[in-house]
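Chains, contacts and geometry: an overview
So you can see what is in the structure, the chains are spelled out below.
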Amino acid sequence: MSKQEIEAAIPHRAPMLLLDEIVQRDDSSIVCKKTFSAEEFFVQGHFPDNPIVPGVIQCECCLQAGAVLLEKFMATLPNSLPVATRMDSVKFKRIVRPGDSVEVHVTLKEQVSNAYFLTGKVMLDGKLATRLDFACSVTQVGEGGV
C-alpha cells in the first residue's frame, strides 16, 4: 500500500504520519514499515549527542497501523475516526535510532461494540523493540464527537 493509500485510510499527515508503507494486511493483522530519519522533529533535542526515537513515537506507529487495519470497520460509518482509548503493558526492549527501519506488526484481538482491542509490536532487525496492548474506539467526527 502506497503512502497515498495510507493517507486515504487515516487522517494523519506529515510530520505526524509515521508509516511509510503497508507490507501485508488481512482482516485481523497488518505489517507496516517505517524508516526514521535524523531530521524528524521528535529526535531533535531528544538525547542530542546520542539521538533515539522516543518510545511514545514507537507506540504511535502501532496506533496508526491499527487505524489503517480498522479502516474497513469505519467504511460503514461516515465521518468516523479510530481514537486511542487505552495503552497497557507497554514494554521497550531495544533502542531505535534515526536511520533504523522498523516493521510494525498489529493484530486485532477482539471487538466489543465500537471498541477494538489490539496488540502492537515494533520489530528492529527481526527482534522485538517495543510491545503494547491498546484499545481504540470508532468515534463520530463533528457534532457531539471529536
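Before reading further, recall that the structure is shown in the block above.
Residues numbered from 1 in each chain as written. Predicted model: local features only at pLDDT ≥ 70, side-chain atom pairs only at ≥ 80, totals over all residues. Heavy atoms only, no water.

On to the layout of surface pockets, then. A volume near 180 Å³ is recorded for the largest pocket. Contributing to the lining of the largest pocket are Ile10, Pro11, His12, Glu60, Leu63, Gln64, Ala67, Leu81, Pro82, Val83, Ala84 and Cys136. Here the lining of the largest pocket is composed, by residue class, of nine nonpolar, two polar and one charged. (1 Å grid on protein atoms, 1.4 Å probe; cavity = no way out; pocket = protein on both sides within 12 Å on 5 of 7 lines; lining within 4 Å. Points joined across faces, edges and corners; volume = space filled by probe spheres on them. Nonpolar A, V, L, I, M, F, W, Y, C, P; charged D, E, K, R; others polar.)

This structure, assessed with the given rule, holds seven salt bridges. In this structure, the salt-bridge partner of aspartate 27 is lysine 72, at a minimum N-O distance of 3.5 Å. One end of the pair, aspartate 27, is in the loop between strand S1 (21–25) and strand S2 (29–35); the other, lysine 72, is in helix H3 (residues 71–74), with 45 residues separating them in the sequence. Looking at aspartate 27, the relative accessible area reads 58%, which means it is exposed. On the accessibility criterion, lysine 72 (33% relative accessible area) is partly exposed. In this structure, the salt-bridge partner of aspartate 88 is arginine 86, at a minimum N-O distance of 2.8 Å. What makes aspartate 88 partly exposed here is its relative accessible area of 31%. (Salt bridge = Lys/Arg side-chain N within 4 Å of Asp/Glu carboxyl O. Helix = DSSP H or I, 4+ residues; strand = E, 2+ residues; numbered from the N terminus. Buried < 20%, exposed > 50% of the residue type's maximum accessible area, 1.4 Å probe, protein only.)

Along the polypeptide, lysine 34 turns up in strand S2. Of the polar contacts made by the side chain of lysine 34, one reaches the side chain of glutamate 40; its length is 3.4 Å. Contacts of lysine 34, omitting those with residues within four sequence positions, involve Leu17, Leu18, Leu19, Asp20, Glu40, Cys61, Asp100, Ser101 and Val102. (Polar contact = N/O pair within 3.5 Å; in protein donor to acceptor, adjacent residues only side chain to side chain. Contact = heavy atoms within 4.5 Å.)

Moving on to the nonpolar core. The biggest cluster of nonpolar side chains holds 38 residues, and the ones touching the most others in it are Ile30, Phe36, Val68, Val104, Val106, Leu118 and Phe134. When residues of this core are traced back to their parent elements, those giving at least two are helix H1 (3–9), S2, helix H2 (55–69), strand S4 (101–112), strand S5 (115–124) and strand S6 (127–140). Ranked by residue count, the leading element in this core is H2, at nine residues. Ignoring anything within four residues of it in the chain, the contact list for leucine 118 reads Gly66, Leu69, Leu70, Val106, Thr107, Leu108, Lys109, Leu132, Asp133, Phe134 and Cys136. (Core = buried A, V, L, I, M, F, W, Y, C linked by side-chain atoms within 4.5 Å.)

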